[in-house]
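Structural overview for review
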Amino acid sequence: MARFFKRRWSRWAVCWLLLCQLQALNIIDRVFWGAWLGKTGDTFTTFLSSSQIIISIVLFLTGLRRYPALQRSGLLSLSLAGFLLCSAAWSVDTAATIRGGIQYFFFVLGMIGAAKNLEGDDFMDLLTSVCFLSAVACLILLFIAPAYVIGEQTGEFRGVFSQKNMLGQAMAVGALACLHSIRVRKRSRLSGMLTFLTITFVAVRSESTTSSLVILLFLVLGAVMPLLQRGKAARTLGVVLLTVLLLVGPIVAIGTNSLFELVGKDATLTGRTEIWGYAIPYIYQRPLLGWGYGAFWSTENPAAWEIANTIHWYAPEAHNGLLEILLGSGLVGAVWFIYLWARAFRLSLRCIRLEGAMAITCFSICAGILLEGVSEQVLLYVGGLSGVFFISGFYCEQAVTRARRRPAITLENLALPKAAAARPT
């Protein structure tokens, strides 16, 4: 009974972390405290941040009691978070970097604690439920109180989230988690498909084209990747299909205009490519360490205002994953993130025969980050994509480590029990 309550507490704790990290509780802050450019925080956001720190520490310490060893992925991720926090020493907005760096450090710590307290399938099922309930809340509010879920100035459907891009990313990871739960039979086919369709409908309704394409990518990879677990012929077919899929990227890049016309967007990604041109020169000004974590687009930075005055609107980010990382943490941070991505990608391939469902999820999130990173920030800040990226890598490394420590079955090992039984007492 004590074990049951302990496990239930862990699930509720992880559930709260997911709600905060996905920013699904933003509507409470928006309705009661309001939102404006340069807003730093209020009573509610302070409470959310404090609760995340406390829960992350408790989950981490509880997990260490079960699995004392901290794996290499965890050490590398915590070291990266520590580096981002240390960037306050050269940041153009020290306060913003410290706030963001502390949040990111405990975000990684919480993901390590979640991986040590919950099984991978249980975590993905919990993530599915959180995203599904968030999607349902968005739809309910759209009908009974549309003013709360529609942007006042932009008219975009943002639901209970801060903006439509956050809504799209949350629905994308929800769709991935739902596909994972269907693969491991944690949900029936019917309920799983209904959940997936609801989440996908909300993503499409948000008009976040990138997130919709990411969900489509997850579907395709979910159909192709299982071929790698089968016989030689099926595995060869899977490798061929994956290779073809990777070759689609350059072809799409060549025919960018036609693609965006197809999905109803302009070739500048709604002005995003314009921001890239203005942001790149500032990367060259501080190429090695960047401008400080989460500091470049701060209202305290004159460079951000120069870009805003030029393009006639205030951009909160570079709208490109690599450019955002280079601005915030420089070449050092970019190499660190790329190494973690490549390592997770490699672990997913090594894990395909050990934990097939989690390996597919890890591979899919790595591919999704590449696609999402074309027009949105990825990995650098707390969010759904970052959370699934870190924790799926942790789970894959756990599976690989268990397989490495498992004793090999040899003739000598099989003979030992018989010899022991035959030995006279």
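What you are looking at is a predicted structure, and each value in this text was computed from that prediction instead of being measured.

Along its length, the protein chain carries 17 helices and zero strands. With 425 residues in all, the protein chain has 51% of them scored as buried. In the protein chain, 74% of the contacts between residues at least 6 apart in sequence involve partners at least 24 apart. Working note: accessible area of the protein chain is about 20600 Å², and carbon and sulfur atoms make up 67% of it.

Where helix 7 (residues 164-183) meets helix 15 (residues 356-372), the closest approach of the two axes is 10 Å, and the angle between their N-to-C directions is 160°. One way to sum up the angle between helix 7 and helix 15 is to call them roughly antiparallel. When you trace helix 7 past helix 15, the crossing you get is right-handed. Note on element contacts: helix 15 touches helix 7 through Ala357, Met358, Ile360, Thr361, Ser364, Ile365 and Glu372, opposite Gln169, Val173, Leu176, His180 and Arg183. Residue classes in the contact of helix 7 with helix 15 are distributed as six nonpolar, four polar and two charged.

For glutamine 23, which is not glycine, the phi torsion reads 65° and is therefore positive. The topology assignment puts glutamine 23 in the loop between helix 1 (2-21) and helix 2 (26-32). Since its relative accessible area comes to 26%, glutamine 23 is described here as partly exposed. At leucine 379, a residue that is not glycine, the phi angle is positive and equals roughly 70°. In this structure, leucine 379 sits in the loop between helix 15 and helix 16 (384-405). On the basis of relative accessibility, which here comes to 6%, the residue leucine 379 falls in the buried class.

Before going further, it helps to spend a moment on helix 8 (residues 189-205). Here helix 8 contains 17 residues, and its C-alpha end-to-end distance of 24 Å stays within 8% of the 24 Å for a straight helix at 1.5 Å per residue. Within helix 8 the residues assigned to the buried category are Gly192, Thr195, Phe196, Ile199, Thr200, Val202 and Ala203. What you see down the axis of helix 8 is that its buried residues fit within an arc of 160°, all on one side. The outward face of helix 8, more than 90 degrees from its buried face, is lined by the exposed residues Leu190 and Leu197. Here the buried face of helix 8 lies against helix 6 (120-144), helix 7 and helix 9 (209-224).

Per-residue confidence for the protein chain averages 79 on the pLDDT scale, and 78% of its residues sit at or above 70. Predicted confidence for residues 1-6 stays below pLDDT 50, and this span has two contacts to residues more than four positions away or in other chains. Contacts for the low-pLDDT stretch residues 253-264, under 50 throughout, to residues beyond four places or in other chains number seven contacts.

What follows deals with the packing of aromatic side chains. Taken as a whole and assessed by the stated rule, the structure comprises 18 aromatic pairs. With a centroid separation of 6.0 Å and 70° between ring planes, the pair formed by tyrosine 282 and tryptophan 291 is classed as edge-to-face. For the pair formed by tyrosine 282 and tryptophan 291, the shared burial category is buried. An aromatic cluster of at least three residues, connected via ring pairs, comprises Tyr104, Phe107, Tyr293, Tyr381, Phe389, Phe390 and Phe394. In this structure, arginine 205 packs its charged tip against the face of phenylalanine 157, placed 5.0 Å from the ring centre. For arginine 286, the ring lying beneath its charged end belongs to tryptophan 291, and the centroid distance is 4.7 Å.

Taken together, the side chains of Ile28, Val31, Phe32 and Tyr148 define a hydrophobic patch exposed on the protein surface, amounting to about 390 Å² of accessible area. By the element assignment, valine 31 lies in helix 2.

Between its terminal C-alpha atoms helix 15 stretches 24 Å, which fits the 24 Å expected from 17 residues at 1.5 Å a residue. Along helix 15, 15 of the 17 residues are buried, which leaves the element largely enclosed by surrounding structure.

Moving on to the environment of asparagine 117. Within the element layout of this structure, asparagine 117 appears in helix 5 (residues 94-117). Look past the residues within four positions of asparagine 117 in its chain and what remains in contact with it is Ser10, Leu59, Thr62, Gly63 and Arg66. There is a polar contact of 2.8 Å between the side chain of asparagine 117 and the backbone oxygen of leucine 59.

Structurally, histidine 319 can be placed in the loop between helix 13 (302-311) and helix 14 (321-350). On a C-alpha basis, the gap between histidine 319 and glutamine 377 in space is 5.7 Å, while along the polypeptide they are 58 residues apart.

Core analysis: the largest hydrophobic core is formed by 115 residues, its most contacted members being Tyr104, Phe161, Ile365 and Phe389. Counting residues per element, this core draws most heavily on helix 7, at twelve residues. With residues near it in sequence (within four places) discarded, phenylalanine 161 still touches Leu22, Gln23, Ala24, Asn26, Arg30, Ser134, Cys138, Met166, Leu167, Ala170 and Met171.

Relative to the helices and strands, glycine 192 is located in helix 8. Sequence separation between glycine 192 and histidine 180 is twelve residues, and the spatial gap between their C-alpha atoms is 9.8 Å.

Let us look at the side chain of threonine 401. Relative to the elements of secondary structure, threonine 401 occurs in helix 16. A polar side-chain atom of threonine 401 sits 3.3 Å from a polar atom in the side chain of glutamine 71.

Parameters and conventions
Residues numbered from 1 in each chain as written. Predicted model: local features only at pLDDT ≥ 70, side-chain atom pairs only at ≥ 80, totals over all residues. Heavy atoms only, no water. Helix = DSSP H or I, 4+ residues; strand = E, 2+ residues; numbered from the N terminus. Buried < 20%, exposed > 50% of the residue type's maximum accessible area, 1.4 Å probe, protein only. Contact = heavy atoms within 4.5 Å. Areas by Shrake-Rupley, 256 points an atom, 1.4 Å probe, with all protein chains shown as cover. Axes fitted to C-alpha atoms, helices over the stretch in contact; angles between N-to-C directions. Parallel < 35°, antiparallel > 145°, perpendicular 65-115°, else oblique. Left-handed = near helix turned anticlockwise from the far one by under 90°. Nonpolar A, V, L, I, M, F, W, Y, C, P; charged D, E, K, R; others polar. Expected span 1.5 Å × (residues − 1). Arc of directions from axis to C-beta. pLDDT = per-residue confidence, 0-100. Phe/Tyr/Trp six-rings, centres within 6.5 Å; stacked < 30°, edge-to-face > 60°. Lys NZ or Arg CZ within 6 Å of the ring centre and 35° of its normal. Patch = residues over 30% accessible without salt bridge, like charges linked within 9 Å, V, L, I, M, F, W, Y side chains within 5 Å. Salt bridge = Lys/Arg side-chain N within 4 Å of Asp/Glu carboxyl O. Polar contact = N/O pair within 3.5 Å; in protein donor to acceptor, adjacent residues only side chain to side chain. Core = buried A, V, L, I, M, F, W, Y, C linked by side-chain atoms within 4.5 Å.

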